[in-house]
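Structure at a glance
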Amino acid sequence: MSSNETAPTSERIAADARQAAVSDEIAIEFDHVTKTYKLYKDDKQRFASIFWGKKKRELVASINANDDLSFRIRKGEAVAFLGSNGAGKSSMMNAISGLVKYQSGEIRFKGEPLSTTANKVVKAGVCQVPEGRLIFANLSVYDNLRVGAYLRSDKSGIERDMKRVYEIFPRLEERKNQIAGTLSGGEQQMLAMGRGIMSAPDLIMLDEPSLGLAPLLVNTIFDTIQEIKSMGKTILLVEQNALKALSVADKAYVLEQGCITMSGPGKELLKDPSIA
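What this report covers is the structure whose coordinates are included nearby. Note that this is a predicted model, so its numbers are computed, not measured.

**Points about the overall build of the protein**
- Helices and strands together make up the secondary structure of the protein, namely 12 helices and 10 strands.
- For the protein, the residues scored as buried account for 47% of the 276 residues in total.
- Sequence separation of at least 24 residues holds for 72% of the intrachain contacts in the protein that already meet a minimum separation of 6.
- Surface accessibility of the protein: about 13,700 Å² in total, with carbon and sulfur atoms responsible for 50%.

**Quick word on the packing of aromatic side chains**
- Taken as a whole and assessed by the stated rule, the structure comprises four aromatic pairs.
- An angle of 45° between the planes, with centres 5.7 Å apart, marks the rings of Phe-71 and Tyr-253 as tilted. One end of the pair, Phe-71, is in strand β2 (residues 59-74); the other, Tyr-253, is in strand β9 (residues 251-256), with 182 residues separating them in the sequence.
- According to the relative accessible area criterion, Tyr-253 is buried, its value standing at 6%.
- Ring geometry for Phe-81 against Tyr-253: centres 5.1 Å apart, planes inclined by 20°, an arrangement best described as stacked. In this pair, Phe-81 is assigned in strand β3 (residues 78-82) and Tyr-253 in strand β9, connecting sequence segments 172 residues apart.
- A connected cluster of aromatic rings, assembled from ring pairs, spans Phe-30, Phe-71, Phe-81 and Tyr-253.

**Some remarks on the packing of helix α6 (residues 141-148) against helix α7 (residues 155-168)**
- α7 packs onto α6 with a crossing angle of 130° between their chain directions and a minimal axis gap of 11 Å. Here α6 is positioned oblique relative to α7, judged by the angle of their axes. For α6 against α7, the interelement crossing comes out right-handed. When α6 is examined against α7, the residues Tyr-142, Leu-145 and Arg-146 are found in contact with a partner set consisting of Ile-158, Met-162, Val-165 and Tyr-166.
- Class assignment for the residues of the contact of α6 with α7 results in six nonpolar, no polar and one charged.

**Focus: the sheet that holds strand β8 (residues 234-238)**
- One open sheet accounts for six strands, arranged β6-β7-β8-β3-β9-β10; its pairing is mixed. Two strands in the sheet have a free side with no partner beyond their single neighbour: β6 (126-129) and β10 (259-265). When the angles between neighbouring strand axes are averaged without regard to direction, this sheet yields 15°.
- Bridge analysis of β3 against β9 gives four bridges, and the strand direction is parallel.

**With respect to a nonpolar patch on the surface**
- A surface patch of nonpolar side chains, about 320 Å² in accessible area, is lined by Val-122, Tyr-150 and Leu-151.
- Of note, Val-122 is situated in helix α5 (residues 118-124).
- By relative accessible area, which is 32% here, Val-122 ends up partly exposed.

**Side note on the nonpolar core**
- Among the nonpolar cores identified, the biggest contains 43 residues, and Ile-225 and Leu-237 are the most heavily contacted of them.
- For Leu-237, the contacting residues outside a window of four places in its chain are Val-79, Ala-80, Phe-81, Leu-206, Pro-209, Phe-222, Ile-225, Ala-245 and Val-248.

**Description of α6**
- Taken together, the buried positions of α6 are occupied by Val-141, Asn-144, Leu-145 and Gly-148. The arc that holds the buried residues of α6, viewed along the axis, is 95°, so those residues lie on one side.
- Against α7, α8 (170-174) and α9 (185-198) lie the buried residues of α6.

**Examining the pairing of β8**
- Among the five residues that make up β8, five are buried, leaving the element largely enclosed by the rest of the structure.
- Where burial is concerned, the two faces of β8 agree: the one with Thr-234, Leu-236 and Val-238 and the one with Ile-235 and Leu-237 are both buried.
- Bridge count between β3 and β8: four bridges; the pairing is parallel. Its bridge partner being in β8, Val-79 is matched across the sheet by Leu-236.
- The pairing of strand β7 (residues 203-207) with β8 spans five bridges and is parallel.

Basis of the calculations
Residues numbered from 1 in each chain as written. Predicted model: local features only at pLDDT ≥ 70, side-chain atom pairs only at ≥ 80, totals over all residues. Heavy atoms only, no water. Helix = DSSP H or I, 4+ residues; strand = E, 2+ residues; numbered from the N terminus. Buried < 20%, exposed > 50% of the residue type's maximum accessible area, 1.4 Å probe, protein only. Contact = heavy atoms within 4.5 Å. Areas by Shrake-Rupley, 256 points an atom, 1.4 Å probe, with all protein chains shown as cover. Phe/Tyr/Trp six-rings, centres within 6.5 Å; stacked < 30°, edge-to-face > 60°. Axes fitted to C-alpha atoms, helices over the stretch in contact; angles between N-to-C directions. Parallel < 35°, antiparallel > 145°, perpendicular 65-115°, else oblique. Left-handed = near helix turned anticlockwise from the far one by under 90°. Nonpolar A, V, L, I, M, F, W, Y, C, P; charged D, E, K, R; others polar. Pairing = 2+ DSSP bridges. Patch = residues over 30% accessible without salt bridge, like charges linked within 9 Å, V, L, I, M, F, W, Y side chains within 5 Å. Salt bridge = Lys/Arg side-chain N within 4 Å of Asp/Glu carboxyl O. Core = buried A, V, L, I, M, F, W, Y, C linked by side-chain atoms within 4.5 Å. Arc of directions from axis to C-beta.

Here is the structure:
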């Protein structure tokens, strides 16, 4: 795949580089949120107790994936969360999406408590682009994008956003009738991001968007993140490529064992040798 086929042109990136102003309005807020996972003696015992009720499960340990986590993201901001595997990044994102339940605290979106039911979260204006793409491999590129707009009824808005996705990712328009499972990894990541845009979110969450991609395609993906931000979207980015994430982030947090250990402007954290 050539760079001409996949990447937004430098001229268009420059034209869209007028970043939407970050406002004082809070887009999403974590208020002392704790998410706990419980570990049992062994999987066989666990499943026997759930399905057959033969044994009482023996609790071995409880682990806080997110431990009294608090932060705010302002409308129009791009905020990165960095940390090693198991730091709690995906648990935080899944809690926002309503995919996992948290034990205490509150998540607020636009000043109101955010539902813990996934479809209501999407209706509220929150979208997650999951790690590993998770596209519908047996559907066409076009149908995958339409799935992103499943909860929408504004026909003109859907057509406008479809056109916008094709402008950002010309390759997807070229392959709109192709079965999505036959796309390359980079093209599938573009499709996953395009599907997210089709839900017309105010907050778009990107979970490891550069995972498994070649360096050239990683550059393309991060150029696209800047384009999405220029559309006025608030971005929550979970990413292990710290240098790339910090280069596009207004602010960043470092998570360790479910807790925030460091935070600051992205450009400032780029100078920190412990991160870079």
